[in-house]
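Architecture and fold: a report
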Amino acid sequence: MQTRKKYIFITFFASWLLLFFFGGDQIRRLAFLSRKKATVLKNWPRWTDRSLLKSFADPEELQSDGGHHKQSAKHSRCRMETCFDFSRCEKHGFKVFVYPMEREDPVSESYLKIITSIEESRYYTSNPEEACLFILNIDTLDRDHLSIQYVHNINDKIQGFPLWNDGRNHLIFNLYSGTWPNYTEDLGFDIGQAILAKASFYVENFRPGFDISIPLFSKEHPQKGGERGWLYQNSVPPKKKYMLAFKGKRYLTGIGSDTRNELLHNSTFCIIPRGRRLGSFRFLEALQAACIPVLLSNGWELPFSEVIDWSKSAIVGDERLLLQVTQCHAAYEMAPCSILAFQQQTQFLWEAYFSSVEKIVQTTLEIIKDRLFLRESRPKFLWNTLPGGLLALPEYSTHLGDFPFYHLQHGSSPSGKFTAFIRAVSPVVSLSQPILKLIQAVSRSQHCAQILVLWSCEKPPPPRGRWPQTAVPLTVIHGRRKVSDRFFPYSAIGTDAVLSLDEHTSLSTSEVDFAFVVWRSFPDRIVGFPMRSHFWDSSQSQWGYTSKWTNEFSMVLTAAAFHHRYYHSLFTNYLPASLRSLIDQLSNCEDILMNFLVSAVTKLPPIKVTQKKQHQEAAPQQRQDCLNRFAAWFGYMPLVHSQLRLDPVLFKDQVSVLRKKYRHLEKP
């Protein structure tokens, strides 16, 4: 028995010696890694059979840090005050320059969507001398060196750019960093002092107030528009079949994907664990499906966390307690009203910031802009409340009461007066012209504060004595004879409500009074008289425009309509110059564009008041072409159909007119 033990010991000792001498280097490395897993490999293992293995990378690329470049300690402490040149933004404001694309540089579909979104934004400039922020023409989205989209030698390329300046005032986008098995966050090149907009951002590497965490999105993610959230047809969702669901990573697309997507739609909560990296494609899928995310990804800096309050739409769990997630008290103890609020917030966030690449890029730019111009930065409330930070321009105001969206939450009302804004394109040659009668009717309204006449005629306006005598101030503004002037944010407009009028419009004082009273209850909508509609023409595969009188409409023309003056700022400063140039060139369609804008903001239809009002318009085919071109720019059709018409109480009822407040409305 002793002899047997002796032979076993000798065999074990000899095996240990052989393993130590021929494979000890690997053992020592594994022991080191087991003690300190977070430390990066100092040298790539020198396997004894390396000569028999096929090489997929140069040995030099695999040494030290695997070819990746870590941020220096200096740059890891970057803040806007230390690593950004604010002086570049003082003269021309917030302008973004994109390095010209070169044919030999491969660019992924996703990065091309990002570049296109920037070049179509209101901040783009083709002049680097005007730029405040710079975007590389090198695709930095995929920094996994095993990927076919990995761009090599970025350091050498960017060092040759005269504008690089160690990355100062540059913005770099990234979706994937690192590779198997560790998936570190090193990008493989020195970003210098550049701002990093990155998916799957780890909190320990995130530089607060400087970097931006963005969502991980697939290459199929649309550039514009994007699909609506699942609840857009039902403001109050039906009770869902499942309490908790999980969609595996193998079912993003393809076989089984539709079934799993349906599972998300039928679940109240969705488990979102980390993927290979911290972020997951399932995160955006859950938001769209109104499935409250239960996040199990410790250390993940959530997308746009600088401005978005995720505590109102997601539950953050601990991935170390994965087996206890089915007993998650935060989910099971949530009241039905809280669940509904969370679901509605997921839909708002999806449509406001995540449904397209364009919105992700716009949100990134607006966050940086708010940092640069603190006096005009949005309060966090605007970012987390409809219609969202992208549609609440801080250049207009940062006071909630100045916008048309927040009166209900704060129990306030818009101002009790309106400004009549009449666009005149014909000379005044007779006292019987419609514009003069219109001025008299509007001025008699008890709610009218002033009348502004936008003079867009080649001939000069008549002298003051030729205008009607009114009880309210009448001011003539000289325009540029462009239809876009109608919605310019003139400082002379001193009221929340604007009554937009054409010179040939015919309205009575009672009609004006009633429409204004209705508008005060819906200050975020267009409220008016003449209506139009759109429809899908399947035979032509395009949108159609109709002025036929039906029970359904989607537009109220601004020839006679109330809207909030804030929409003048959105029209001029939010919409691209190309759309305004289009309507100026056509001298048409500005009213359609305004309807597109307001419906895109509110996700609601306009409101029609009282009976039929005739309105003559020319070039219906031209207006249909406008309809399709606007839909192409928005990336979807924002117009919403409605069958609602608001009339005064007792309108057309067979009762004494003395009992009717707006009795003059019923006169032929």
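What counts, and where the lines are drawn
- Every chain begins its residue count from 1, and numbering advances along the sequence as written.
- Local features in this predicted model are restricted to residues whose pLDDT is 70 or higher, and side-chain atom pairs enter the listing and the counts only when it is 80 or higher, whereas totals over whole chains, interfaces and linings include all residues.
- Hydrogens and water are ignored here; the side-chain numbers use all heavy atoms of the structure.
- For two strands to count as paired, DSSP must find a minimum of two bridges between them.
- Secondary structure is summarised from DSSP: a helix means a run of H or I of at least four residues, a strand means a run of E of at least two, and numbering begins at the N terminus for each.
- Whether two residues are in contact is decided by their heavy atoms: any pair within 4.5 Å suffices.
- Working convention: axes come from line fits to C-alpha atoms, limited for helices to the stretch in contact. Angles between N-to-C directions cover 0 to 180 degrees.
- Any carboxyl oxygen of Asp or Glu within 4 Å of a side-chain nitrogen of Lys or Arg constitutes a salt bridge here.
- Accessibility here uses a 1.4 Å probe with only protein chains present; expressed as a share of the type maximum, an area under 20% marks a residue as buried, one over 50% as exposed, and anything in between as partly exposed.
- A helix is expected to span 1.5 Å multiplied by its residue count minus one.
- In what follows, a disulfide is any cysteine sulfur pair within 2.5 Å.
- Here, nonpolar core means buried Ala, Val, Leu, Ile, Met, Phe, Trp, Tyr and Cys residues that are tied together by side-chain atoms lying within 4.5 Å of each other.
- Under this scheme an angle from 65 to 115 degrees is roughly perpendicular, one under 35 degrees roughly parallel, and one over 145 degrees roughly antiparallel; angles in between are oblique.
- Two helices cross in a left-handed way if the nearer one is turned anticlockwise from the farther one by less than a right angle. They cross in a right-handed way if the turn is clockwise.
- Throughout this entry, Asp, Glu, Lys and Arg are counted as charged residues, while Ala, Val, Leu, Ile, Met, Phe, Trp, Tyr, Cys and Pro are counted as nonpolar. The remaining residues, Gly among them, count as polar.
- Confidence of the prediction at every residue is given by pLDDT, a number between 0 and 100.
- Two rings from Phe, Tyr or Trp (for Trp, the six-membered ring) form a pair when their centres sit within 6.5 Å of each other. Planes less than 30 degrees apart are called stacked, planes more than 60 degrees apart edge-to-face, and all others tilted.
- Placement of a charge over a ring requires the Lys NZ or Arg CZ to be within 6 Å of the ring centre, with the centre-to-atom vector within 35 degrees of the ring normal.

Where strand 17 (residues 531-537) and strand 18 (residues 542-546) come together, five bridges link them in antiparallel fashion. Bridge pairing in strand 18 places His 534 opposite Tyr 545. From the end of strand 17 to the start of strand 18, which pair antiparallel, there are four residues, and Ser 541 there has a positive phi angle of about 55 degrees.

Let us now look at the sheet that holds strand 6 (residues 195-198). One open sheet holds the five strands; their spatial order is 1-2-4-6-7, and the pairing between them is parallel. Looking at the sheet topology across the chains shown, the edges are occupied by strand 1 (96-98) and strand 7 (212-213). Two strands pair when backbone bridges link them, and strand 6 and strand 7 are joined in this way by two bridges, in the parallel orientation. Residue Lys 198 lies in a different strand from strand 7, and its bridge partner there is Ser 213. Sitting on the sheet, helix 5 (residues 109-119) touches strand 1, strand 2 (133-135) and strand 4 (170-174), and the angle it makes with strand 1 is about 135 degrees.

Think of it this way: side chains of opposite charge can pair up when their charged atoms draw near. All chains considered together, the criterion is met by 19 salt bridges. Residue Arg 122 is joined to Glu 366 by a salt bridge in which the shortest nitrogen-to-oxygen separation is 3.2 Å. Of this pair, Arg 122 sits in the loop between helix 5 and strand 2 while Glu 366 sits in helix 11 (residues 357-372), and the two are 244 residues apart along the sequence. Owing to a relative accessible area of 23%, Arg 122 belongs among the partly exposed residues under this scheme. The class for Glu 366 is buried, based on a relative accessible area of 4%.

A few words now on helix 11. Its 16 residues place the ends of helix 11 23 Å apart at the C-alpha level, agreeing with the 22 Å of an ideal helix rising 1.5 Å per residue. Most of helix 11 sits out of view: 16 of its 16 residues are buried.

Let us now look at the state of the cysteines. Evaluation of the coordinates by the stated rule reveals four disulfides. Here Cys 270 is linked by a disulfide to Cys 291, with a sulfur-sulfur distance of 2.0 Å. Between Cys 270 and Cys 291, the disulfide has an S-S torsion of 105 degrees and is therefore right-handed. Remark: Cys 291 occurs in the loop between helix 8 (282-288) and strand 10 (292-296) and Cys 270 occurs in strand 9 (residues 267-273); sequence separation between them is 21 residues. A relative accessible area of 1% places Cys 270 in the buried class. By relative accessible area, which is 0% here, Cys 291 ends up buried. Between the sulfur atoms of Cys 589 and its disulfide mate Cys 626 the distance is 2.1 Å. In this structure the cystine formed by Cys 589 and Cys 626 twists about its S-S bond by roughly 80 degrees; its chirality is therefore right-handed. Pair noted here: Cys 589 is in the loop between helix 17 (577-586) and helix 18 (590-602) and Cys 626 is in helix 19 (residues 620-634), with a separation of 37 residues, a long-range link.

Residues Phe 173 and Phe 354 are the most contacted members of the largest nonpolar core, which totals 81 residues. The element that contributes the greatest number of residues to this core is helix 11, accounting for seven residues. Here Phe 173 is in contact with Tyr 111, Ile 114, Ile 118, Ile 135, Thr 140, Leu 141, Ala 197, Ile 214 and Thr 364, once residues within four sequence places are set aside. Residues Ala 392, Leu 393, Cys 589 and Cys 626 belong to the second largest nonpolar core, which totals 44 residues.

The next subject is the environment of Arg 143. Looking at the element boundaries, Arg 143 is found in strand 3 (residues 142-143). Taking the relative accessible area as the measure of exposure, Arg 143 reaches 0% and is therefore buried.

Time to look at the side chain of His 447. Mapping His 447 onto the fold places it in the loop between helix 14 (434-443) and strand 13 (448-455). Among residues more than four places away in sequence, those in contact with His 447 are Gly 416, Lys 417, Phe 418, Asp 513, Phe 516 and Val 517.

This next bit is on the packing of helix 5 against helix 11. Between helix 5 and helix 11, the least distance of the axes is 9 Å, while the angle of their chain directions is 60 degrees. Judged by the angle between their axes, helix 5 and helix 11 are oblique. For the crossing formed where helix 5 meets helix 11, the hand is right-handed. Contacts between helix 5 and helix 11 involve Lys 113, Ile 114, Ser 117 and Ile 118 from the former and Val 357, Glu 358 and Val 361 from the latter. A per-class count over the contact of helix 5 with helix 11 returns four nonpolar, one polar and two charged.

With that settled, consider the packing of helix 10 (residues 336-354) against helix 11. The interhelical angle for the contact between helix 10 and helix 11, taken along N-to-C directions, is 80 degrees, at an axis separation of 7 Å. With respect to each other, helix 10 and helix 11 are oriented roughly perpendicular. Between helix 10, through Glu 351, Ala 352, Tyr 353 and Phe 354, and helix 11, the contact on the second element is made entirely by Lys 359, Ile 360 and Thr 363. Each residue belonging to the contact of helix 10 with helix 11 can be placed in one class, and the counts come to four nonpolar, one polar and two charged.

The subject of this paragraph is the confidence of the model for the protein. Summarising the model, the protein shows a mean pLDDT of 86, and 83% of its residues fall at 70 or more. Per-residue pLDDT stays below 50 along residues 18-70; that stretch engages in 43 contacts with residues further than four places along the chain or on separate chains.

Moving on: the packing of aromatic side chains. In this structure the tally under the stated criterion is 35 aromatic pairs. Seen in terms of ring centroids, Phe 418 and Phe 562 are 5.2 Å apart; in terms of plane orientation they differ by 85 degrees. Their pairing is edge-to-face. In this pair, Phe 418 sits in strand 12 (residues 418-424) while Phe 562 sits in strand 20 (residues 560-564), placing the two residues 144 residues apart along the sequence. For Phe 418, a relative accessible area of 0% corresponds to the buried category. Counting every residue linked through ring pairs, the aromatic cluster contains Phe 283, Trp 300, Phe 304, Trp 310, Phe 348, Tyr 353, Phe 354 and Trp 383. The ring of Phe 201 has Lys 198 sitting right over it, with the charged end atom 5.6 Å from the ring centre. Between Lys 224 and the ring centre of Trp 633, over which it is positioned, the NZ or CZ distance is 4.7 Å.

Let's shift gears to unusual backbone geometry. The omega torsion of the bond from Leu 386 to Pro 387 falls at 5 degrees, within 30 degrees of zero and hence cis. Residue position: Pro 387 is located in the loop between helix 12 (380-383) and helix 13 (407-410). Phi is positive for Asp 166, which is not a glycine, with a value near 60 degrees. Following the sequence through the fold, Asp 166 ends up in the loop between helix 6 (154-159) and strand 4. Take Asp 166: its relative accessible area is 28%, and that puts it in the partly exposed class. Positive phi, close to 60 degrees, is recorded for Arg 481, a residue that is not glycine. Assignment of secondary structure puts Arg 481 in the loop between strand 14 (474-478) and strand 15 (497-502).

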